[in-house]
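Architecture at a glance
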Amino acid sequence: MFEEIVLPAFLVEDTWRVKRGNFFFQSTQLIELPNKHEKTIALVGRFIRDTKLTSTQFYDYKTKELIAQNESIQTSPSALFILILNNHRLIYLKETPHAPTLEMFKDTCQTFLRRQTKLHAESLLKEERKNFIIEYGLPDIDITPLNTKESLEDFLKEYKTIHSIKITLKKRNDELQFRDDLIRRAQQKTDSLRSSSTTLSFSNKKDGLDLEETKEQLAEATEQGNQGILIEGFNNNGDLLKGNNDKFKVIKHISGIDLDNIVSTAKKLYKSFTKLTTSREIIVPPTEPSVKKKLENIKSLNKHDEQQ
């Protein structure tokens, strides 16, 4: 339903208004990324949070007093996003201080996709609408941070003992290349039961789990970015530590980009991303043949190319 729902959800001139501010997309477009191995298409654009900063008081250094005031100023921090359609990997660049978070991006995407799904359903004939709702329902969005084996190992150095780990298998899109046999079989069972998620738990609260084996198992379990991880244990001071994928996600700093040129920036960020995949620091599964066919048939990209 890319042409009918997904693309319009990102192109719509609409906002999601909540207490935290107004969220919306700007300058979204469909582009082809430089990849000599296969046709690679991405949705790129700017994600904006429009809100107000309010001051209730300030400190006067001359009188050494706190002075009450009620003033506000509009602020609209933003981020650039590159959503690669081949594998649903997301590259997210915070371009201002206090840029909207990934959680905000996820919630906004889900809101707009659900709005567009309802609009599409309403445009159908009664019988078609019923079948559409049964087959598709309303979409859910998950964003799981990618990690490298090195970033995971660095994070685990904070632990003296690990008492439990939970691995949550999430619904994927056209992916089933798991090296780990346990994860593969668990995911197959999840699919056959039509479960939205499955959790594998391992714990040893008395002696703790084997640290080296835990590192290896977690590295394999998280390499594709489809699994949510929760780790609990203690540090050398006896303090309780809890960590998830967000604690050891891949973060790269980049310079020399032109934020006024979204397409140029997207291609540069993608180049940085492909370096990580080429070196196998992060794992991206092969694009399924059915997905390649869908990408070849996207009409919107052809229109965009003609305009260029």
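Residues numbered from 1 in each chain as written. Predicted model: local features only at pLDDT ≥ 70, side-chain atom pairs only at ≥ 80, totals over all residues. Heavy atoms only, no water.

**With respect to the nonpolar core**
- Core analysis: the largest hydrophobic core is formed by 28 residues, its most contacted members being F10, F25, L43, F47, L85 and F105.
- Elements with a contribution of two residues or more to this core: α1 (2-11), β2 (21-33), β3 (40-60), β5 (78-84), α2 (102-122) and α8 (289-296).
- It is α2 that contributes the most residues to this core, 6 residues altogether.
- Discounting residues that sit within four places of it in the chain, L85 has contacts with F2, L30, I41, A42, L43, V291, L295 and I298. (Core = buried A, V, L, I, M, F, W, Y, C linked by side-chain atoms within 4.5 Å. Buried < 20%, exposed > 50% of the residue type's maximum accessible area, 1.4 Å probe, protein only. Helix = DSSP H or I, 4+ residues; strand = E, 2+ residues; numbered from the N terminus. Contact = heavy atoms within 4.5 Å.)

**Examining the pattern of salt bridges**
- The full count for this structure, using the stated rule, is 11 salt bridges.
- K106 is the partner of E103 in a salt bridge, and the nearest nitrogen-oxygen pair spans 3.3 Å. Residue E103 and its partner K106 are located together in helix α2, separated by 3 residues, close to a single helical turn.
- E103 gets classed as partly exposed once you look at its relative accessible area, which sits at 44%.
- Looking at K106, the relative accessible area reads 17%, which means it is buried.
- For K157, the salt bridge is made with D154, and the minimal N-O distance between the two is 3.5 Å.
- Each of R20, E103, K106 and D107 takes part in a single network of salt bridges with overlapping partners. (Salt bridge = Lys/Arg side-chain N within 4 Å of Asp/Glu carboxyl O.)

**Examining the packing of α1 against α2**
- Between α1 and α2, the shortest axis-to-axis distance is 8 Å and the interhelical angle comes to 130°. With respect to each other, α1 and α2 are oriented oblique. Two packed elements cross with a definite hand, and for α1 against α2 that hand is right-handed. Seen from α1, the contacting residues are E4, I5, V6, P8, A9 and F10; seen from α2, they are F105, C109, F112, L113, Q116, T117 and H120.
- Across the contact of α1 with α2, the residue classes break down as 9 nonpolar, 3 polar and 1 charged. (Axes fitted to C-alpha atoms, helices over the stretch in contact; angles between N-to-C directions. Parallel < 35°, antiparallel > 145°, perpendicular 65-115°, else oblique. Left-handed = near helix turned anticlockwise from the far one by under 90°. Nonpolar A, V, L, I, M, F, W, Y, C, P; charged D, E, K, R; others polar.)

**Digging into the sheet that holds strand β7 (residues 161-170)**
- The strand order β8-β7-β9-β10 describes an open sheet built from 4 strands, whose pairing is antiparallel. If you trace the sheet from one side to the other, it starts and ends with β8 (197-203) and β10 (240-244), each paired once. Geometrically, the sheet is characterised by an average inter-axis angle of 10° between neighbouring strands, direction not taken into account.
- Here 7 bridges tie β7 to β8, and the two strands are oriented antiparallel to one another. Bridging from a neighbouring strand, L169 pairs with T198 of β8.
- Relative to β7, helix α6 (residues 211-222) is tilted by about 15°, and along the sheet it contacts β7 and β9 (227-234). (Pairing = 2+ DSSP bridges.)

**Some thoughts on the environment of S195**
- With respect to the secondary-structure elements, S195 resides in the loop between α5 (181-192) and β8.
- For S195, a relative accessible area of 22% corresponds to the partly exposed category.
- Between the alpha carbons of S195 and L169 there is a distance of 9.8 Å; along the sequence they are 26 residues apart.

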